[in-house]
Structures are given as C-alpha cells and as structure tokens.
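Breakdown of the fold
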Amino acid sequence: MFRKGVLVAAVAMLIATPAFAGSCPKHMADIDAAMKTAQLSDADKAKVMQLRKQGEEQHKAGDHGASVKSLGEAKKILGLN
Ligand SMILES: [Cu+2]
C-alpha cells in the first residue's frame, strides 16, 4: 500500500508540475505578442514591462504562483485575460 501511494504521488507530480510551471512562459509570450500592437500610455507600458520582468524572475526562482499573478496583472493592463 505504501509503495503504491508513493508511485501515485510521483506520477501525479510528474503530470502536474510541468503543466503548472509551463503556464508562465505562455503568459510571457502572450504579453510579448500583445506589446507589439498595444496602445498603452508610457506609464502603463512601463508597468507591463516591470510586471513582465518580475514574473520572469519569479518563474526562474521557481515561484510560479507569484509569477502567474504578476504576469496576470500585466495581462490585465493589456486587456488580455
Ligand atoms: Cu513558472
């Protein structure tokens, strides 16, 4: 029973982790694509770039929850989400 539980946990992590970690680069790509055509004030543009940078750093540090939150805020300014 113990071994089966470990196996189930390991498989669940294998499935869940890449999917979760993988959503950050997708958000970054969405932001980069939207920035090319975005009609934003300089202040909003700076805010988006700041959040985009912060999100990337959080992602690289393994803090994907914070990263998704920062990138989500950037996307909100861009009118995405
Ligand atoms: Cu991430």
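Rules and cut-offs
Residues numbered from 1 in each chain as written. Predicted model: local features only at pLDDT ≥ 70, side-chain atom pairs only at ≥ 80, totals over all residues. Heavy atoms only, no water. Helix = DSSP H or I, 4+ residues; strand = E, 2+ residues; numbered from the N terminus. Buried < 20%, exposed > 50% of the residue type's maximum accessible area, 1.4 Å probe, protein only. Contact = heavy atoms within 4.5 Å. Donors = N, O, S within 2.8 Å, 3.2 Å for Na, K, Ca; no water. Salt bridge = Lys/Arg side-chain N within 4 Å of Asp/Glu carboxyl O. Axes fitted to C-alpha atoms, helices over the stretch in contact; angles between N-to-C directions. Parallel < 35°, antiparallel > 145°, perpendicular 65-115°, else oblique. Left-handed = near helix turned anticlockwise from the far one by under 90°.

Scanning the chain from N- to C-terminus turns up 4 helices and 0 strands. Ordered by position from N to C terminus, the α and β elements of the chain give α-α-α-α. A buried classification covers 30% of the 81 residues belonging to the chain. A sequence separation of at least 24 residues applies to 61% of the contacts in the chain between residues at least 6 apart.

What follows concerns the coordination of the copper ion. Taken together, the protein ligands of the copper ion are Cys24 (SG), His59 (ND1) and His64 (ND1), with distances of 1.8 to 2.1 Å. All donors of the copper ion come from a single chain, and their spacing in sequence reads C-x34-H-x4-H. Of the two residues, cysteine 24 sits in helix H2 (residues 23-37) while histidine 59 sits in helix H3 (residues 42-60), which places them 35 residues apart along the sequence. Taken individually, cysteine 24 and histidine 59 each receive the classification buried, so the pair is uniform in this respect.

Enumeration according to the criterion identifies 6 salt bridges in this entry. Between aspartate 30 and lysine 26 there is a salt bridge, with its nearest N and O atoms 3.1 Å apart. Here lysine 26 and aspartate 30 lie together in helix H2, a separation of 4 residues that amounts to about one turn. On the basis of relative accessibility, which here comes to 25%, the residue aspartate 30 falls in the partly exposed class.

Packed helices, taken two at a time, are described by the angle between their axes plus the distance between the axes. At their nearest, the axes of H3 and helix H4 (residues 64-77) sit 8 Å apart, and the two run at 165 degrees to each other. Here H4 runs roughly antiparallel to H3, going by the angle between their axes. Crossing handedness for the pair H3 and H4: left-handed. Listed contacts from H4 to Asp44, Lys47, Val48, Leu51, Arg52, Gln54, Gly55, Gln58 and His59 of H3 are His64, Ala66, Ser67, Ser70, Leu71, Glu73, Ala74 and Ile77.

What follows covers the environment of glutamate 57. Note that glutamate 57 resides in helix H3. Overall, glutamate 57 belongs to the partly exposed group, its relative accessible area being 46%. Taking C-alpha positions, glutamate 57 is 7.7 Å from serine 67, a pair spaced 10 residues apart along the chain.

Any functional reading would require information that these geometric values do not contain.
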